[in-house]
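Single-letter residue listing:
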Amino acid sequence: MYDLIVAGASGVFQPVTLLGIALGVFGGLFIGAIPGLTSTLAIALLVPITYAMNINLAIPILMGVYCGAISAGLVGAILLNIPGTPASAATCLDGFPMAAKGQAIRALGLGVYSSMVGGVLAGVTLVLVAPLLAKVAMSFGPWEYFALVLFTFTCISTMAPPGRGLKTFMAAFIGLTLAMVGLDEASGQVRMTFGITQLQSGFSVLPALIGLYAIPQLLEDTDSIGRQTNVLSITYNLREFMGTFGELVANKWHLLRSTVIGIVIGILPGVGPGLSNIVAYGSAKRTSKNSHRFGQGEAAEAVISPEAANNASMGGALIPMLTLGIPGDASTLMMLGAFMLHGIDPGPLLFRDHGDLVWLVFISYFVAFFFCAVAYHFFIPIVVKAISVPRQYVIPVLLVLCTVGCYALNNRMFDVYCFLGFGLLGYFLQTARIPVLPVILGIILGPMAETQLRLALAFGHNSIVPFFTRPGSAVILIAAIATVLIPLLRRKKPLESAQETMQSEASASIDR
Amino acid sequence: MRANDIFFCVLYLVVLGLAGEQIADLVDANSAVISSELYPTLIIGTGAAIGLFELARTIIAPPIKDGQGFFQYWAPAVAPGRLLLLFLFIAYLALIQLIGFLVATTVFCIGCMILLTPRRNRSLMAYVTALIVSAVLVGFIYLILVVYLQAFLP
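All values reported here derive from a predicted model rather than from experimental measurement.

Enquirer: Where do I start with the overall build of chain B in this structure?
Expert: Counting secondary structure elements, chain B contains six helices and zero strands. For chain B, the α and β elements follow one another from N to C terminus as α-α-α-α-α-α. In terms of overall dimensions, chain B is more spread out than a globule: its C-alpha atoms have a radius of gyration of 25 Å, far above the 15 Å expected for 154 residues. Seen along its three principal axes, the alpha-carbon backbone of chain B occupies a region of about 60 × 55 × 25 Å. Counting every position in chain B, which comprises 154 residues, the buried fraction comes to 37%.

Enquirer: Help me understand the interface of chain B and chain A, please; the structure alone is not making it clear to me.
Expert: By a widespread convention, an interface's size corresponds to the accessible area lost as its parts come together. Taken residue by residue, the interface counts 75 residues in chain B and 64 residues in chain A. Roughly 5800 Å² is buried in total at the junction of chain B and chain A, and carbon and sulfur atoms are behind 76% of that figure. Looking at the side of chain B facing chain A, the largest losses of area belong to Phe8(B), Tyr39(B) and Arg82(B), adding up to 14% of the total buried there. Linking chain B with chain A are 10 residue pairs in polar contact (both at pLDDT 80 or more), by the criterion used here. For the side of chain B that touches chain A, the elements supplying multiple residues, two or more each, are α1 (2-23), α2 (38-60), α3 (70-74), α4 (80-99), α5 (101-116) and α6 (124-148) of chain B. Here the residues of the side of chain B that touches chain A sort into 55 nonpolar, 14 polar and six charged.

Enquirer: Is there a simple way to explain the side chain of Thr152(A) in this structure?
Expert: Residue and element names in this part refer to chain A. Within the secondary structure, Thr 152 is located in helix α6 (residues 142-158). Overall, Thr 152 belongs to the buried group, its relative accessible area being 0%. Looking at Thr 152, its side chain comes within polar contact range of the main-chain oxygen of Leu 148, at 2.8 Å. For Thr 152, the contacting residues outside a window of four places in its chain are Pro 269, Ile 326, Leu 441 and Leu 445.

Enquirer: Sorry if this is basic, but what is going on with the packing of helix α7 (residues 165-179) of chain A against helix α18 (residues 437-459) of chain A here?
Expert: In a pair of packed helices, the angle between the axes and the distance between the axes together describe the arrangement. Residues and elements named next belong to chain A. Relative orientation of the contacting elements α7 and α18 amounts to 40 degrees, with a least axis distance of 7 Å. In terms of orientation, α7 and α18 fall into the oblique class. The handedness of the crossing between α7 and α18 comes out as right-handed. Contacts from Thr 168, Ala 171, Ala 172, Ile 174, Gly 175, Leu 176, Leu 178 and Ala 179 of α7 reach α18 at Pro 438, Val 439, Gly 442, Ile 443, Gly 446 and Pro 447. By residue class, the composition of the contact of α7 with α18 is 10 nonpolar, four polar and no charged.

Enquirer: Any chance you could explain the confidence of the model for chain A here in plain terms?
Expert: Parts of the prediction with low pLDDT should not have their coordinates interpreted in detail. Predicted confidence across chain A gives a mean pLDDT of 85, with 94% of residues reaching 70 or more. Confidence, read as mean pLDDT per element, is least for helix α20 (residues 471-511) of chain A in chain A (65) and greatest for helix α17 (residues 413-431) of chain A (93).

Enquirer: Can you help me understand the pattern of salt bridges in this one?
Expert: Close approach of charged atoms lets side chains of opposite charge pair. Under the defined criterion, the tally for this structure stands at 13 salt bridges over all chains. The partner of Arg82(B) in a salt bridge is Asp223(A), with the nearest N and O atoms 2.6 Å apart. Within this pair, whereas Arg82(B) is found in helix α4, its partner Asp223(A) is found in the loop between α8 (205-221) and α9 (238-250), the two belonging to separate chains. When its relative accessible area of 30% is taken as the criterion, Asp223(A) is described as partly exposed. Salt bridges here are not isolated pairs; linked through shared partners, they connect Lys167(A), Asp5(B), Glu54(B) and Arg57(B).

Enquirer: Explain the packing of aromatic side chains here, please?
Expert: To describe a pair of aromatic rings, one takes the distance between the centres and the angle between the planes. With the rule as written, the count across this model stands at 20 aromatic pairs over all chains. Relative to Phe89(B), the ring of Phe419(A) lies with its centre 5.9 Å away and its plane at 90 degrees, an arrangement referred to as edge-to-face. Placement of the pair is Phe419(A) in helix α17 and Phe89(B) in helix α4, with the two residues belonging to separate chains. Comparing Phe419(A) with Phe89(B), the two get one shared label, buried. Judged by centre distance (6.1 Å) and plane angle (40 degrees), the rings of Phe89(B) and Tyr92(B) are tilted. Pair noted here: Phe89(B) and Tyr92(B) are both in helix α4, with a separation of three residues, about one helical turn. Of the two residues, Phe89(B) and Tyr92(B), both sit in the buried class.

Enquirer: What is the right way to look at a nonpolar patch on the surface in this model?
Expert: Residue and element names in this part refer to chain B. Taken together, the side chains of Leu 98, Ile 99, Leu 102, Val 103, Val 107, Tyr 142, Leu 143 and Val 147 define a hydrophobic patch exposed on the protein surface, amounting to about 730 Å² of accessible area. Within the residue set of the nonpolar patch, elements represented by two or more residues are α4, α5 and α6. Following the sequence through the fold, Val 147 ends up in helix α6. Note on Val 147: relative accessible area 48%, which makes it partly exposed.

Enquirer: Help me understand helix α11 (residues 273-287) of chain A, please; the structure alone is not making it clear to me.
Expert: An α-helical segment advances 3.6 residues per turn. Residues three or four places apart therefore align on the same side. Residues and elements named next belong to chain A. Relative to the 21 Å expected for 15 residues at 1.5 Å per residue, α11 spans 21 Å between its end C-alpha atoms, a close match to the ideal helical length. Among the residues of α11, those classed as buried are Pro 273, Ser 276, Asn 277, Ala 280, Tyr 281, Ser 283 and Ala 284. The buried residues of α11 occupy an angular sector of 165 degrees when the element is viewed end-on, so they sit on one face.

Conventions and cut-offs
- Residues numbered from 1 in each chain as written.
- Chains lettered and ligands numbered in written order.
- Predicted model: local features only at pLDDT ≥ 70, side-chain atom pairs only at ≥ 80, totals over all residues.
- Heavy atoms only, no water.
- Helix = DSSP H or I, 4+ residues; strand = E, 2+ residues; numbered from the N terminus.
- Rg over C-alpha atoms; globule rule 2.2 N^0.38 Å.
- Buried < 20%, exposed > 50% of the residue type's maximum accessible area, 1.4 Å probe, protein only.
- Contact = heavy atoms within 4.5 Å.
- Buried area = accessible area lost by both parts, 1.4 Å probe.
- Polar contact = N/O pair within 3.5 Å; in protein donor to acceptor, adjacent residues only side chain to side chain.
- Nonpolar A, V, L, I, M, F, W, Y, C, P; charged D, E, K, R; others polar.
- Axes fitted to C-alpha atoms, helices over the stretch in contact; angles between N-to-C directions.
- Parallel < 35°, antiparallel > 145°, perpendicular 65-115°, else oblique.
- Left-handed = near helix turned anticlockwise from the far one by under 90°.
- pLDDT = per-residue confidence, 0-100.
- Salt bridge = Lys/Arg side-chain N within 4 Å of Asp/Glu carboxyl O.
- Phe/Tyr/Trp six-rings, centres within 6.5 Å; stacked < 30°, edge-to-face > 60°.
- Patch = residues over 30% accessible without salt bridge, like charges linked within 9 Å, V, L, I, M, F, W, Y side chains within 5 Å.
- Areas by Shrake-Rupley, 256 points an atom, 1.4 Å probe, with all protein chains shown as cover.
- Expected span 1.5 Å × (residues − 1).
- Arc of directions from axis to C-beta.

The structure is reproduced here in structure tokens:
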């Protein structure tokens, strides 16, 4: 293992790679700070551009962007009351009121330090847990992998708003259907091409991902053009900023609990920082002695908890992505796309065959957080400026970069047209209030599901019994069923209790 | 909300129907262990069953009173700014083939930045900024892709 660590470190500690990570962090901070532009978009923009690079440079740059963009969401949340990314939605609740009371540096300091600590602790968990999980996953057969795909879809449907769970499944089936377009490698026949020759090789994954994410978001962003933004002004003071670390230490239990929440939610497939920050905020409010001060911008733990959780989710989300090839959230989904683009399939075999690459990811993760911390200490006024960049200058630039990126993948305009087509599909789904993430998961996991199902049936002599008799597969399937049933039962309980209350009230009124 | 959901369900079923019509042409070789129709049929069949169930559930369930009709839901999707950007982007993709990437990108960026800027803010400064940003972007793309990465431009 020592030689793998050295190989990974020697890949990262090259001047060009370090510069790449630093630039990635700055780029991520800039994009993440602009409300509406997410870490997913930031990675999506960069993935095709890194295609021509060596993977030892491409992955560290993407890690830099990932870390920078997720943590930058707090700037918009604190100074503008609009989260830069969904991962900082809960930070608005106390971060902005704190800043409005003239304590913007305190709020930023608490947010930044908790982000860094949460992210680094999650990174340590990643380093410790991922190799162990990969060892377990080495014993997985096609039955377990197919069950894992099912589990991923049930997980996202659970996170859907009440009454929208089935629509989430429908979105996943759209993705799975789109993934079937093109050549069926097993039978050598083409499927669903409608006679279009270019479709015989199927849809390229990245134009689809970028289109589904970028176009709807950029179109929606045009609404904020010309709108007056009231950014709170700050007078930056490094000593005051660093002084907030003491408050962080005083709230260490909130910090640790939120980090654990973030890691656990990050590990769940398809769910990431967007949820963990809200759960961590709620948990901090329930357990804090100062719960009555939440929402007033006074309690430090109200800023610490969501920020520690959202960055911790990053490390958590990388665990299933690296060990099982199943993305933990939308951003790691893009990272997965980047790995696939370079001919690397994340999964347990990655740890066996490309251990140096795994350590490259681990080390570049920590280096990215280091650069992130440096950037926040010395360049925070510049990051703050990113919030007020007029959107009309950002949108066309991002659209052009997406176009160039999609073209550069295969040097064909067809991919650019696919990018537009998928963008329109994403825009339609977004307007119809249908989540886009399941579509993307369907496109990414569809081929894996098909291959594993085929193998499972072939090995099992066309029998589905091994799905239920193999312990690993059975446990995952039970977990998948539980993720669907538990929320249904929980929802039913209040209904039943409400009915009971109504019945008792009715009987009481009859008695009267 | 209900009309919106019904609209989505119907469209979804039509798309799956079209996909189903395409997989009907698949044939199996005699040596095939697993039928080539199995997975597509499973996906499209299950997807259609879920779609039909959701459609029925949406029709039967009492409507959610959120004060938004079908057109209120879709009105933001056709906001002038969004449509303008979409139109400009489609025109840009068409222009790339006609006048080349570098010129088309410059025209698209300048056009977008100026047309998306609210009329009251269209000063000389806005025009100059649009020009500078576009020139820097095109230069950056050329340097990174053509000079550094030696990739092709559209």
